[in-house]
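Each chain, written out:
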Amino acid sequence: MAVKKAKKAAPKKAVKKVAPKKAAPKKAAKKATKAAPKKAAPKKAAKKAVKKKASKEGAAPVRYNETKKKQILAFVKKVNQSQGKGGMAEAARQFGMQPLTIARWIKKYGF
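Residues numbered from 1 in each chain as written. Predicted model: local features only at pLDDT ≥ 70, side-chain atom pairs only at ≥ 80, totals over all residues. Heavy atoms only, no water.

Undergrad: Before we move on, can you summarise the overall build of the protein with the specific residues and values?
TA: Counting its regular elements, the protein contains five helices and zero strands. The helix and strand sequence of the protein, counted from the amino end, reads α-α-α-α-α. For the protein, the computed accessible surface area is about 11100 Å², with 60% contributed by carbon and sulfur atoms. (Helix = DSSP H or I, 4+ residues; strand = E, 2+ residues; numbered from the N terminus. Areas by Shrake-Rupley, 256 points an atom, 1.4 Å probe, with all protein chains shown as cover.)

See below:
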């Protein structure tokens, strides 16, 4: 019988050990950028201020007395009779109010 030769194990590949990156210089760079003043912030604040002036948010609500409500509803009725529709939208534009308010009055008081 022939003696079998033992196979040699394949040599393991050498793995290079890579030194971890140093984090300290990056942190120092981030701190340096945070300390620098931001130039874009004042522009954004100016845009927001202009936006608030243009919007009606925060305006005091208007209370309409009964005679004003009747006048607006009469206007809506007149426009609807002449055009067939669109009285509520036209009254909202004419009197500077929301169409939903007029719709609520129509539901409450009727024509």
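Undergrad: Would you mind going over the nonpolar core in detail, with residue names and values included?
TA: Judged by nonpolar contacts, Ile72, Leu73, Phe75, Val76, Val79, Ala91, Ala92, Met97, Ile102 and Trp105 together constitute the single largest core of ten residues. Listed by contribution, the elements that provide at least two residues to this core are helix 3 (66–83), helix 4 (87–95) and helix 5 (99–109). Per-element accounting of this core gives the leading share, five residues, to helix 3. Beyond its immediate chain neighbours, meaning those up to four positions away, Val79 contacts Gly84, Gly86, Gly87 and Glu90. (Core = buried A, V, L, I, M, F, W, Y, C linked by side-chain atoms within 4.5 Å. Buried < 20%, exposed > 50% of the residue type's maximum accessible area, 1.4 Å probe, protein only. Contact = heavy atoms within 4.5 Å.)

Undergrad: Could you give an account of the layout of surface pockets, with specific residues and numbers?
TA: The calculated volume of the largest pocket comes to roughly 490 Å³. As for the largest pocket, its lining consists of 16 residues, of which Pro61, Val62, Tyr64, Met97 and Thr101 are closest to the centre. Counting residues per element, the lining of the largest pocket draws most heavily on helix 5, which supplies five residues. The residue makeup of the lining of the largest pocket, split by class, is eight nonpolar, three polar and five charged. (1 Å grid on protein atoms, 1.4 Å probe; cavity = no way out; pocket = protein on both sides within 12 Å on 5 of 7 lines; lining within 4 Å. Points joined across faces, edges and corners; volume = space filled by probe spheres on them. Nonpolar A, V, L, I, M, F, W, Y, C, P; charged D, E, K, R; others polar.)

Undergrad: Now, about the packing of aromatic side chains: what can you tell me, with residues and values included?
TA: The tally for this structure, following the rule as stated, stands at two aromatic pairs. Between Tyr64 and Trp105, the aromatic rings sit 5.4 Å apart at their centres with planes inclined by 80 degrees, giving edge-to-face as the arrangement. Placement of Tyr64 in the loop between helix 2 (41–54) and helix 3 and of Trp105 in helix 5 is noted, with a sequence separation of 41 residues between them. Judged by relative accessible area, Trp105 falls into the buried class, the value being 6%. Taken together, a centroid distance of 5.6 Å and an interplanar angle of 90 degrees make the contact between Phe75 and Phe95 edge-to-face. Linking Phe75 in helix 3 with Phe95 in helix 4, this pair joins segments that are 20 residues apart in sequence. Of the residues examined, Phe95 reaches a relative accessible area of 23% and is grouped as partly exposed. (Phe/Tyr/Trp six-rings, centres within 6.5 Å; stacked < 30°, edge-to-face > 60°.)

Undergrad: Got a sec to walk through the packing of helix 3 against helix 5? Specific residues and values, please.
TA: Two elements in contact, helix 3 and helix 5, have axes separated by 11 Å at closest approach and are oriented at 95 degrees. The angle between helix 3 and helix 5 places the two elements in the roughly perpendicular class. Contact residues: helix 3 offers Glu66, Lys69, Ile72, Leu73 and Val76, while helix 5 offers Ile102, Trp105, Ile106 and Tyr109. Among the residues making up the contact of helix 3 with helix 5, the classes are represented as seven nonpolar, no polar and two charged. (Axes fitted to C-alpha atoms, helices over the stretch in contact; angles between N-to-C directions. Parallel < 35°, antiparallel > 145°, perpendicular 65-115°, else oblique.)

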